[in-house]
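Take a look at the letters that make up each chain.
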Amino acid sequence: MTNSVPEIGQYSDVIFIIGSNTAECHPLIARQVIKAKERGAKLIVADPRLTEMANKADIWLRVPAGYNISLINGLLHIIVKENLYNSDFVQNHAEGFDEVARAVEDYTPAYVEKLTGIPQQDLVEAARFFGRAKNATILYCMGVTQFSYGTGNVVSLSNLAVVTGNMGRPGTGVNPLRGQNNVQGACDMGCLSNVLPGYLAVTDEKNRARFEKEWHVRLPSKPGLRIPEIGDAILNGRVRAAYVFGENPVMSDPDSSHLRHAFEHLDLLVVQDIFLTETARLAHVVLPAACWGEKEGTFTNTERRVQRVRKAVNPPGEARDDWWIFSALAQKMDYGRMNYLHPQEIWDEVRRLVPEKFGGISYDRLEKARGISWPCPAEDHPGTPFLYEGGKFATASGKANLRPVFFDPTRLPEEKVKQFKHALAGKITELPDEEYPFTLTTGRRGYHYHTGTMTRKSWPITQVTPQQLIEINPRDARKLGIEDGDFVKLSTRRGSIAAKAWVTERVPEKTVFTSFHFWEANVNELTINSTDPVACIPEFKVAAAKVEKITPAEFQAILQEKKKKYLVDLEEEVAGQSKSGRREAHV
């Protein structure tokens, strides 16, 4: 995030949430949003579903799944036309404003309404709220990024924030809400295919040199594979072994049956996890790992705030900290420099190697603080709760780079892109048609987390949300003869799942929604492996689908197929006998 969560609650007078089911997926951040509303802040929510936050919004913009760029360009059109942009900020701290202003000329309220169904007056009112705000902030999540043009979505939001001068102050900024604990920290430490710790590009010889000197190895100069590329790389023979830890890609990756098929062709699959996940059941070797309450170290939250984690209990059985396992393996492979005794030694190494971001964040300081946000280059530095103070951006010119972004649902608007120097464009990969007339969009439920590895082993949680549900609009349900609680089969060109129907106004007509928490009906068997050309993030949020009512007997037959596919009997066989010592059925 470019801003801290408490500052949003304290200073923001307009909050724009887009592509985020904040109340269910980020409840602590939602609490700050509610505090801001109680203080008088206006809340704008853009979401195809009637979520809890949409229900609390001053303006709810029911944007169809995939149409974010049209909505954002429509807001920019009004802000530019009505002179609501911050001309001083744009002149002194941005480049490319004229091109963006020209690019959004066609995104009139009438055109946006025709494209999205959003009433013109709602769009105008939202633009005026945002443009006139003293401190406006943007909160977004995977409903913005998980498209084949996710980069374009984020650039559009950055355009909106910069044009209105909402950067570099408390209560402003473009703020991604991270999807899992310590995702920010993992990225900070270089768990991306193209960067070293501290986001230092592997292609830069100087960056490699500083790590090579410390680690006494030669580092590759080319970026590695990204997650959506690994399945094809295995089947093409480029990858013969995989080491998966803290991840359950057989459940969480798009078109997951394809990845599962690829894993079955590996010479070696190693999985390191706290439970025997759906992915671990396919592994040749499973290494039992310690969970968060069983280890020391640091986590970094969505605010870039580094926080100490302290062990509450010892790991059971032969389970060990991730870092300990990696170090032991490295030494077995004759790399003796990873002979750490405590995670503090690893963190101090990170501080030495990337002092410009982490140098001032010592364990001693973390013991006394509730966390310190990077960059923090020295021990007398207070940390950085918000980025780009004074309009100083991390670019060669020190100014924000504005870029035109275009969208057409059916085809890339290449003729428009050619008119601009640095334009981006997007289109939906798979639109509904006669055979697959629905748009499938995916997400999470409030009572379950990610692939259910932990939450589905909690008896109280499973009593509240025991099974998968497929949301369908009442008008669509009537046409298909579906009543609430009926069994339905949901299909795309990649496969089918079956679950009970939830007939609800939460979803608009011709849109269905479900989650990926349940192996019995894992929606990622249906999602499409189409990726963003820049970030390589998959298009989880839009796929063409069809819905059919089925009998209880047909549902049971599909369920038995899924049970065999996900090797459920294997989990039951080893429960209570694994080397981790965890009795999975009794956690």
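Peer 1: If you had to explain the overall build of the chain to someone new, which residues and values would you point to?
Peer 2: Of regular secondary structure, the chain possesses 25 helices and 25 strands. Scaling as 2.2 N^0.38, a compact globule of 587 residues should have a C-alpha radius of gyration of about 25 Å, and the chain matches this with 24 Å. Principal-axis analysis of the C-alpha atoms gives the chain an extent of 65 × 65 × 45 Å. Burial status across the chain gives 54% buried among its 587 residues. Considering only contacts within the chain whose residues lie at least 6 apart along the sequence, 68% involve residues at least 24 apart. Here the chain contributes 73 positive and 73 negative side-chain charges, whose respective centroids are spaced 2 Å apart.

Peer 1: Lay out the sheet that holds strand β6 (residues 174–176) with the relevant residues and their values.
Peer 2: Strand pairing in a sheet relies on backbone hydrogen bonds. The paired strands run either parallel or antiparallel. What the five strands build is an open sheet, ordered β3-β2-β1-β5-β6; its pairing is parallel. What marks the edges here is a single partner per strand, and that holds for β3 (59–61) and β6. Mean inter-strand twist for the sheet, computed between neighbouring axes without regard to direction, equals 15°. Bridge count between strand β5 (residues 136–140) and β6: three bridges; the pairing is parallel. Along β6, the bridge assignment pairs L139 with N175. Helix α5 (residues 68–81) rests against β1 (14–18), β2 (42–46) and β3 of the sheet, and its axis sits at about 155° to β1.

Peer 1: Help me get a handle on the packing of aromatic side chains, residues and values and all.
Peer 2: Tallied over the entire structure, the rule returns 17 aromatic pairs. Aromatic pair Y67 and F407: ring centres 5.2 Å apart, planes at 65°, arrangement edge-to-face. Linking Y67 in the loop between β3 and α5 with F407 in strand β16 (residues 405–407), this pair joins segments that are 340 residues apart in sequence. As far as burial versus exposure is concerned, Y67 and F407 are alike and both buried. Arranged with centres 5.4 Å apart and planes meeting at 25°, the rings of F147 and Y149 form a pair that is stacked. Comparing F147 with Y149 shows no difference in burial state: the two are buried. Chaining the aromatic ring pairs together yields one cluster made of Y67, F147, Y149 and F407. The cationic tip of R320 hangs over the ring face of W324; the distance from NZ or CZ to the ring centre is 5.6 Å.

Peer 1: Can you break down the domain arrangement of the chain residue by residue, with the values?
Peer 2: What the domain assignment reports for the chain is domain 1 (6–167 + 399–424), domain 2 (183–373) and domain 3 (438–574). Relative placement of domain 2 and domain 3: their C-alpha centres are 30 Å apart. Across the boundary between the two partners, domain 2 contributes 20 residues, which contact 30 residues of domain 3. Summing both sides of the interface, domain 2 and domain 3 together bury roughly 2,100 Å²; the carbon and sulfur share of this comes to 59%. When the buried area of domain 2 at its contact with domain 3 is split by residue, M251, P254 and R281 rank highest and sum to 31% of it. Our count for the contact surface shared by domain 2 and domain 3 stands at zero salt bridges. Inspection of the domain 2/domain 3 interface yields 12 residue pairs in polar contact (both at pLDDT 80 or more). If you list the elements that add at least two residues to the side of domain 2 that touches domain 3, you get α14 (227–235), α15 (249–252) and α16 (256–263). Among the residues forming the side of domain 2 that touches domain 3, the class breakdown is eight nonpolar, five polar and seven charged.

Peer 1: Give me the state of the cysteines: which residues, what numbers.
Peer 2: For the structure on display, the rule yields zero disulfides. For C141, which is in no disulfide, the shortest distance to another cysteine sulfur is to C25 and amounts to 6.6 Å. By relative accessible area, which is 8% here, C141 ends up buried.

Peer 1: Describe in detail the sheet that holds strand β13 (residues 305–309), supporting the description with residues and values.
Peer 2: As summarised here, the arrangement of the three strands in space is β12-β13-β14, forming an open sheet in which the pairing is antiparallel. Edge positions in the sheet fall to β12 (297–300) and β14 (372–373), since each has one partner strand and no second. Where β13 meets β14, two bridges bridge the pair, whose relative direction is antiparallel. Opposite R305, over in β14, you have S373 as the bridge partner.

Peer 1: For the pattern of salt bridges, give the residues involved together with the corresponding values.
Peer 2: Here the structure, examined in full by the defined rule, presents 31 salt bridges. R445 is the partner of E471 in a salt bridge, and the nearest nitrogen-oxygen pair spans 2.5 Å. Within this pair, whereas E471 is found in strand β19 (residues 469–472), its partner R445 is found in the loop between β18 (438–443) and α22 (459–464), the two being separated by 26 residues in sequence. Grouping residues by exposure puts E471 and R445 together as buried. Close ionic contact of E525 with K562 constitutes a salt bridge, the shortest N to O distance being 2.6 Å. Of the two residues, E525 sits in the loop between β22 (511–515) and β23 (528–531) while K562 sits in helix α24 (residues 552–565), which places them 37 residues apart along the sequence. Residue classification places K562 among the buried residues on the basis of a relative accessible area of 7%.

Peer 1: Lay out helix α17 (residues 322–332) in plain terms, naming residues and giving numbers.
Peer 2: Turning to α17, its buried residues number three or more, namely D322, W323, I325, S327 and A330. Packed against the buried residues of α17 are β9 (241–245), β10 (268–273), β11 (285–288) and α18 (343–353). Within two residues after α17, D334 carries a phi angle of roughly 70°, on the positive side.

Calculation criteria
Here the residue numbering is sequential within each chain, running from 1 through the sequence in written order. With pLDDT at 70 or above as the cut-off, local features in this predicted model cover only qualifying residues; side-chain atom pairs require 80 or more to be listed or tallied, and sums for whole chains, interfaces and linings still use all residues. Only heavy atoms go into the side-chain values, all of them from the structure, while hydrogens and water stay out. Comment: elements are numbered from the N terminus, with helices defined as DSSP H or I runs of at least four residues and strands as E runs of at least two. We compute the radius of gyration from the C-alpha atoms alone; for a globule the expected value is 2.2 Å times N to the 0.38, where N is the number of residues. Buried, partly exposed and exposed residues are distinguished by accessible area as a fraction of the type maximum, computed with a 1.4 Å probe on protein chains only: under 20%, between the cut-offs, and over 50%, respectively. Contact criterion: two residues are considered in contact whenever any of their non-hydrogen atoms come within 4.5 Å of each other. Positive charges come from Lys and Arg alone, negative charges from Asp and Glu alone, with His and the N- and C-terminal ends not counted. A charged residue contributes its charge at one atom only: NZ of Lys, CZ of Arg, CG of Asp or CD of Glu. At least two bridges found by DSSP between two strands is the condition for calling them paired. In this analysis an axis means a line fitted to C-alpha atoms, helices contributing only their contacting stretch, and an angle means the value between N-to-C directions, from 0 to 180 degrees. Note on ring pairs: Phe, Tyr and Trp rings are taken, using the six-membered ring of Trp, and paired if centres are within 6.5 Å. Classes follow the plane angle, with under 30 degrees stacked, over 60 edge-to-face and the rest tilted. Here, a charge over a ring is recorded when the distance from Lys NZ or Arg CZ to the ring centre is within 6 Å and its angle to the ring normal is within 35 degrees. Boundaries between domains were set according to an automatic or database domain assignment. Buried area: the accessible area, evaluated with a 1.4 Å probe, that two parts lose upon being put together, summed over both parts. By convention in these notes, a salt bridge is any Lys or Arg side-chain nitrogen within 4 Å of a carboxyl oxygen on Asp or Glu. Within 3.5 Å is the distance limit for a polar contact, defined as a pair of N or O atoms, with the added protein rule that one can donate a hydrogen and the other accept it, and that residues adjacent in sequence qualify only through two side-chain atoms. Polar here means any residue other than Ala, Val, Leu, Ile, Met, Phe, Trp, Tyr, Cys and Pro, which are nonpolar, and Asp, Glu, Lys and Arg, which are charged; Gly is therefore polar. The term disulfide is used for any two cysteine sulfur atoms that are within 2.5 Å.

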